[in-house]
Amino acid sequence: MIKWEKSLLDSDFSFKLGQLTSVNVIEDYVGALVGKIYIHRHIYEQEILTPRSVKEQIDRLIAKGKAEVVDLSTLPSPLEKSLYHEMVTLLKSADAETKELGKNWGETVSLAYAKVSGIPYFLSDEKSLQAVADEYLNTDAQHSITIIRLRDFIMALKEAGYKRKECQLLWLVANFDPSRKQQSRDWAKKVFNEEIWPID
C-alpha cells in the first residue's frame with residue numbers, strides 16, 4: 001500500500017530503522033509505503049554508513065527502480081539548479097549551526113532538492129525540521145513539504161495492516177538510547193501503548 005508517492009530519505013531515519021536487523025526495514029517497510037524513494041547524494045555517500053545493511057537495502061531498492069540518488073546534477077534545467085543554490089543558501093543562513101558538508105548539511109540539501117523538484121515528503125526524525133520547512137519553504141501550497149517522522153511512519157504501518165507486535169518492536173528498537181537504556185525503553189513503551197497503538 002503506497003502511502004507517500006515520492007519522498008526523500010534522511011540518514012537519521014535510516015539509521016534508527018536500520019537498528020532492527022532481523023528484517024529489512026528500509027527495503028520491505030519503507031519500500032512498501034513509499035512509491036519512489038529519493039536520497040540526496042551527500043546523505044548516500046557521507047552519512048548512511050552504518051549499519052551497513054541499510055546501504056545494502058538502499059542499493060537493492062535502486063536496482064529495482066524504487067530508489068534514486070539525487071543531487072544538483074539530476075535537476076534538469078538551469079533554472080532549477082539556480083533555485084536549488086538559492087534554497088541551500090537560504091536554509092544554511094537560517095541556522096547558524098549548519099555547516100557545509102557538516103552538521104545539518106544532509107537535511108539542508110535534501111530540503112532544497114525537495115522544494116525545487118516538487119517532492120512533497122521527507123522521511124526524517126529531526127523534530128525541528130517541519131518548523132524550518134514551514135518558515136522558509138512552505139510559502140505556497142503547491143510545493144509544500146511535510147516531514148514524516150518515525151511516529152508518523154509507525155502510524156502508517158498500523159493503517160496499512162501491519163501487526164502491532166512488529167510495529168512495537170520497530171518503535172522500541174528505533175528509539176533505544178544506549179546512554180539512557182531503561183529510561184529510553186520505558187519512554188518508548190509508554191508512548192507506543194498510550195499514544196500510537198493503545199490496546200482497547
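Residues numbered from 1 in each chain as written. Predicted model: local features only at pLDDT ≥ 70, side-chain atom pairs only at ≥ 80, totals over all residues. Heavy atoms only, no water.

> Explain the environment of serine 124 to me, please; I cannot follow it from the model alone.
Among the structural elements, serine 124 can be located in the loop between strand S4 (121-123) and helix H7 (129-136). Along the chain, serine 124 and threonine 89 lie 35 residues apart, while their C-alpha atoms are 21 Å from each other. Discounting residues that sit within four places of it in the chain, serine 124 has contacts with Asp10, Asp12, Phe13, Leu129, Ile147, Ile148 and Arg149. Among the polar contacts made by the side chain of serine 124, one reaches the main-chain amide nitrogen of glutamate 126 at a distance of 3.3 Å. (Helix = DSSP H or I, 4+ residues; strand = E, 2+ residues; numbered from the N terminus. Contact = heavy atoms within 4.5 Å. Polar contact = N/O pair within 3.5 Å; in protein donor to acceptor, adjacent residues only side chain to side chain.)

> Explain the pairing of strand S1 (residues 4-9) here, please?
Note on strand geometry: in a regular strand, side chains alternate between the two faces of the sheet. Both S1 and strand S2 (residues 34-40) contribute to a ladder of four bridges, which runs parallel. If you follow leucine 8 over to S2, its bridge partner there is tyrosine 38. The sheet contact formed by S1 and S4 spans three bridges and is parallel. Residue serine 7 lies in a different strand from S4, and its bridge partner there is tyrosine 121. (Pairing = 2+ DSSP bridges.)

> Just to check I follow, could you spell out the pattern of salt bridges for this structure?
For side chains of opposite charge, pairing can occur when their charged atoms come near one another. Counted under the stated rule, the structure contains 13 salt bridges. Here lysine 3 ties to glutamate 159 by a salt bridge, and the two come within 3.2 Å at their closest N and O atoms. Pair noted here: lysine 3 is in the segment before S1 and glutamate 159 is in helix H8 (residues 150-159), with a separation of 156 residues, a long-range link. Judged by relative accessible area, which is 37%, lysine 3 ranks as partly exposed. With its nearest N and O atoms 2.8 Å apart, the salt bridge here joins glutamate 27 to arginine 60. A residue pair is termed long-range when its members are at least 10 positions apart, and glutamate 27 in helix H2 (residues 25-33) and arginine 60 in helix H4 (residues 52-63) qualify at 33 residues. The exposure class of glutamate 27 is buried, given its relative accessible area of 9%. Among the residues examined, arginine 60 registers a relative accessible area of 34% and is labelled partly exposed. (Salt bridge = Lys/Arg side-chain N within 4 Å of Asp/Glu carboxyl O. Buried < 20%, exposed > 50% of the residue type's maximum accessible area, 1.4 Å probe, protein only.)

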